[in-house]
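# Survey of secondary and tertiary structure
If you want the building blocks of each chain, they are given just below.
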Amino acid sequence: MSDMMKAAVYHALDDIRIEERPVPEIGPGELLLKTLACGLCGGETMAWYKKSEPKVLGHEPVGEVVEVGAGVTDFRRGDRVFVNHHVGRVNSHWSRRGHFTRDPFYSKMKLDPGGVCEYYRVTAQHLAMDAHVLPDSISTEAAVTIEPWSCVLSGLKVCNIQPGDTVAVVGAGFMGQGFVHMAPLFGAGKVVALDFSDWRLGKAREFGATHTVNPKREDAVAAMRALNNGRLADTVVVIAPFASAWKQAMDLVEVGGCLHLGAPLPPGTDWVQDGNKAYFDQITVTSRYSSDHTDTYSYIRLLEAGRIRADDAISHRFAIEDSAEAFRLLVEAEKSLKIVVYPHGLPDGMEKGVR
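An account of the accompanying structure is given in this report. (Residues numbered from 1 in each chain as written. Predicted model: local features only at pLDDT ≥ 70, side-chain atom pairs only at ≥ 80, totals over all residues. Heavy atoms only, no water.)

## A closer look at the overall build of the chain
Secondary structure assignment for the chain yields 12 helices and 17 strands. Relative to its length of 355 residues, the chain is compact, with a C-alpha radius of gyration of 20 Å against a globular reference of 20 Å. Projecting the C-alpha coordinates of the chain onto the three principal axes gives extents of approximately 65 × 45 × 40 Å. Burial statistics for the chain: of 355 residues in total, 52% are counted as buried. Put simply, 67% of the contacts in the chain that link residues at least 6 apart link residues at least 24 apart. (Helix = DSSP H or I, 4+ residues; strand = E, 2+ residues; numbered from the N terminus. Rg over C-alpha atoms; globule rule 2.2 N^0.38 Å. Buried < 20%, exposed > 50% of the residue type's maximum accessible area, 1.4 Å probe, protein only. Contact = heavy atoms within 4.5 Å.)

## What about the pairing of strand E5 (residues 60-68)?
Here 8 bridges tie strand E3 (residues 31-39) to E5, and the two strands are oriented antiparallel to one another. Residue pairing across strands places Gly39 opposite Glu60, the latter belonging to E5. Strand direction decides the pairing type here: E5 and strand E6 (residues 80-83), joined by 2 bridges, are antiparallel. Paired with Gly63 across the strands is Val81, a residue of E6. (Pairing = 2+ DSSP bridges.)

## Brief notes about the pattern of salt bridges
Within the structure shown, the criterion is met by 19 salt bridges. Note that Asp322 and Lys352 form a salt bridge whose closest N and O atoms lie 3.8 Å from each other. Taken together, the positions of Asp322 in the loop between strand E15 (314-319) and helix H12 (323-332) and Lys352 in the loop between strand E16 (338-342) and strand E17 (353-354) put the pair 30 residues apart, joining distant regions of the chain. Residue Lys352 is classed as partly exposed on the basis of its relative accessible area, which comes to 41%. Put simply, Glu30, Asp112 and Arg121 are held in one network by salt bridges that share partners. (Salt bridge = Lys/Arg side-chain N within 4 Å of Asp/Glu carboxyl O.)

## Considering the packing of aromatic side chains
Pairs of aromatic rings are described using the distance from one ring centre to the other and the angle between the two planes. By the definition in use, this model includes 6 aromatic pairs. With 5.8 Å between their ring centres and 75° between their planes, Tyr10 and Phe327 make a pair best called edge-to-face. Taken together, the positions of Tyr10 in strand E1 (residues 4-12) and Phe327 in helix H12 put the pair 317 residues apart, joining distant regions of the chain. Overall, Phe327 belongs to the buried group, its relative accessible area being 0%. With centroids separated by 4.9 Å and ring planes inclined at 10°, the aromatic side chains of Trp149 and Phe174 adopt a geometry described as stacked. Of this pair, Trp149 sits in helix H5 (residues 146-157) while Phe174 sits in helix H6 (residues 174-182), and the two are 25 residues apart along the sequence. Residue Trp149 is classed as buried on the basis of its relative accessible area, which comes to 0%. Phe174 gets classed as buried once you look at its relative accessible area, which sits at 9%. An aromatic cluster of at least three residues, connected via ring pairs, comprises Trp149, Phe174 and Phe207. (Phe/Tyr/Trp six-rings, centres within 6.5 Å; stacked < 30°, edge-to-face > 60°.)

## What about helix H9 (residues 243-251)?
Taken together, the buried positions of H9 are occupied by Ala245, Trp246, Ala249 and Met250. Buried positions in H9, seen along its axis, are confined to an arc of 135° and lie on one side of it. In H9, the exposed residues that point more than 90 degrees away from the buried face are Ser244 and Lys247. The inward-facing, buried residues of H9 abut strand E9 (167-170), strand E12 (233-238), strand E13 (253-261) and strand E14 (284-287). (Arc of directions from axis to C-beta.)

## Brief notes about the sheet that holds strand E4 (residues 55-56)
Spatial strand order, E2-E1-E4: 3 strands in an open sheet with antiparallel pairing. Pairing within the sheet leaves two strands with one partner each, and these edge strands are strand E2 (15-22) and E4. The strands touched by H12 within the sheet are E1 and E2, with E2 carrying the most contacts at an inclination of about 135°. (Axes fitted to C-alpha atoms, helices over the stretch in contact; angles between N-to-C directions.)

## Thoughts on the nonpolar core
In summary, soluble globular proteins display a tendency toward joint burial of nonpolar side chains. Residues Ile146, Trp149, Met182, Tyr299 and Leu303 are the most contacted members of the largest nonpolar core, which totals 42 residues. Elements that contribute at least two residues to this core include exactly helix H4 (140-143), H5, E9, H6, strand E10 (191-194), helix H7 (198-206), helix H11 (293-304) and E16. Broken down by element, the residue count for this core peaks at 5 residues, all from H5. The residues touching Trp149, leaving out its near neighbours within four places in the chain, are Phe174, Met175, Gln177, Gly178, His181, Met182, Phe207, Tyr299, Ile308, Ala310 and Ala313. Within the second largest apolar cluster, 24 residues are counted, among which are Ala168, Val170, Val236 and Leu265. (Core = buried A, V, L, I, M, F, W, Y, C linked by side-chain atoms within 4.5 Å.)

## Topic: the sheet that holds strand E11 (residues 211-213)
Sheet architecture is open: 6 strands sit in the order E11-E10-E9-E12-E13-E14, paired in parallel fashion. Edge positions in the sheet fall to E11 and E14, since each has one partner strand and no second. Going across the sheet, the axis of each strand differs from the next one's by a mean of 20°, ignoring polarity. As judged from the 4 bridges shared by E9 and E10, these two strands associate in the parallel manner. The partner of Val167 across the bridge, within E10, is Val191. Together, E10 and E11 form the strand contacts of H7, whose direction differs from that of E11 by roughly 165°.

## Overview of the side chain of His316
On the secondary structure map, His316 appears in strand E15. Given the relative accessible area of 6%, His316 is considered buried. Only 2.8 Å separates the side chain of His316 from the side chain of Ser315, close enough to count as a polar contact. (Polar contact = N/O pair within 3.5 Å; in protein donor to acceptor, adjacent residues only side chain to side chain.)

Right under this line is the structure:
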């Protein structure tokens, strides 16, 4: 194995470069993983969310163990492993209250140097909190969804969905499809997807939506009442990171229901509500940043049980040399869901681009 490796490095939204980087060196209690595949996340297209540039692209990798540090006993060379890029700790005020992902420690823990590169280092804390040897029944491409759709599962946990509830999802990109697909696992009856793209709405039907609404062509509130016996939705999840989408989502929540904020607005964006209506409507507003080790564990078990059709969410595949093209497709956010990059080249028989 060479001391240098290829990495796709983010410099700007329109500037993704393939660079040579040193292969990370591991210490006691750590692992070095060969990147088998890595998904691209829509959050990486939000320039305001980037803390610093340049940085290695990607945080949704699946890897194979190639080096094992001293003292590691639960993992061995050749294991196919998922490791969450952020991990929490047990002993903090936030973690003790169940908010592992809001502990400042959580966001500081990262894979070294990232996901879209040929090799990455995993720390001892990662191995202690959120690392999993994958069973053969879970494909590598399905495993690419573990990080992002664990975040979906984490959000659904706080929506207080009751059996038979009507759930609406505003925004049917990859993450929205996850909410559509998994809401029935939490008891949802009718599942309504809303999006401006008929292509994405068609995909939502494939992932289990019982109804779809395109707000460009019809009044979303009237459509919701028409399909739901005159009522609005019991739970509304808004994924689209726009103030107008948040307003639309709030307008769709029935009295006593829940509005779940599934993605953030840019910093400094006002979200103003009618205080009188907010009091009397008794709408619960929830949010959930990322996922913790309990969410990952739950998602992997559901995946292994065949409850989640994760492979169907992979829409495009690229070699690392084509990372700029892959990222451009992600930014365009048109006819794509989960885009996967293969740092060591596409597997035999697999074609670049559309699945």
